[in-house]
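Observations on the three-dimensional arrangement
Given next are the chains, with one letter for each unit.
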Amino acid sequence: MKRSEHDCVGALMVRNGLVLLGRRRDDCDWLAGAWDVFGGHIEPGESEPEALRRELGEELGIAPIQVQRLETISGDVPEPWRLHLYVVTEWQGTPCNLAPEEHAELRWCTLAEARQRLGAAHHDFPRLLAMALAPAG
């Protein structure tokens, strides 16, 4: 019997060589106190891009414009999950914390800072962050 997986989308929000991360509140049910990318669960009937637009609107108050699908990563802790990662390099609006019940803080991070904060979450994050923050061209 196949276990149920949490299907999620996540955005590596990139601007000026930095990536925007959020630190989850210490009292969150999911990944309490951990640094994370922005995004969330895909609702039934929703496509990945639709879920990404909805989540970024709900969490940051922005509308993604320039979006590139990066890769899907998966894990089993605390429950089986799949995260479909996107790089977002252009958006409408200014990112702000519209979900204070979920995120304690937002921070623009260098590649080294982002690798330190996300490296323990999944072994592919350091490589994917380097891909997302690589200079265009």
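What counts, and at which threshold
- Residues numbered from 1 in each chain as written.
- Predicted model: local features only at pLDDT ≥ 70, side-chain atom pairs only at ≥ 80, totals over all residues.
- Heavy atoms only, no water.
- Salt bridge = Lys/Arg side-chain N within 4 Å of Asp/Glu carboxyl O.
- Helix = DSSP H or I, 4+ residues; strand = E, 2+ residues; numbered from the N terminus.
- Buried < 20%, exposed > 50% of the residue type's maximum accessible area, 1.4 Å probe, protein only.
- pLDDT = per-residue confidence, 0-100.
- Pairing = 2+ DSSP bridges.
- Core = buried A, V, L, I, M, F, W, Y, C linked by side-chain atoms within 4.5 Å.
- Contact = heavy atoms within 4.5 Å.
- Polar contact = N/O pair within 3.5 Å; in protein donor to acceptor, adjacent residues only side chain to side chain.

1. Digging into the pattern of salt bridges
Taken as a whole and judged by the stated rule, the model has 14 salt bridges. Between Glu 105 and Arg 23 there is a salt bridge whose closest N-O contact spans 3.0 Å. Taken together, the residues Glu 105 in strand 7 (residues 103-109) and Arg 23 in strand 2 (residues 18-24) connect sequence positions 82 residues apart. According to the relative accessible area criterion, Glu 105 is partly exposed, its value standing at 23%. Taking relative accessible area as the criterion, Arg 23 reaches 22% and is therefore assigned partly exposed.

2. Notes on the confidence of the model for the protein chain
Looking at the protein chain as a whole, the pLDDT averages 91, with 95% of positions reaching at least 70. Mean pLDDT across the elements of the protein chain ranges from a minimum in strand 3 (residues 35-36), with 92, to a maximum in helix 1 (residues 48-60), with 98.

3. Some points on the pairing of strand 5 (residues 63-75)
The side chains of a regular strand alternate, first on one face of the sheet and then on the other. As paired elements, strand 5 and strand 6 (residues 81-92) share 11 bridges and run antiparallel to each other. Looking at the pairing, Val 67 lines up with Val 88 of strand 6. Counting the residues in the hairpin turn of strand 5 and strand 6 gives 5 residues.

4. A word on the nonpolar core
In terms of nonpolar packing, the biggest core is built from 21 residues, with Leu 12, Val 19, Leu 21, Val 37, Leu 83, Leu 85 and Phe 125 touching the most fellow members. For this core, the secondary structure elements donating two or more residues are strand 1 (6-15), strand 2, strand 5, strand 6, helix 2 (111-118) and helix 3 (125-133). At 5 residues, the largest contribution of residues to this core is made by helix 3. Non-local contacts of Leu 85, meaning those with residues more than four positions away in its chain, are made with Gly 10, Leu 12, Val 37, Arg 69, Leu 70, Glu 71, Ile 73, Phe 125 and Leu 128. The next biggest cluster of nonpolar side chains, apart from the first, holds 13 residues, and it includes Val 9, Leu 56, Leu 60 and Ile 62.

5. Some details on the side chain of Asp 124
Examined against the element boundaries, Asp 124 turns out to sit in the loop between helix 2 and helix 3. The exposure class assigned to Asp 124 is buried, which follows from its relative accessible area of 17%. Engagement of the side chain of Asp 124 in a polar contact is seen with the side chain of His 123, the distance being 3.4 Å. Those residues in contact with Asp 124 that lie beyond four places of it in its chain are Glu 71 and Ile 73.

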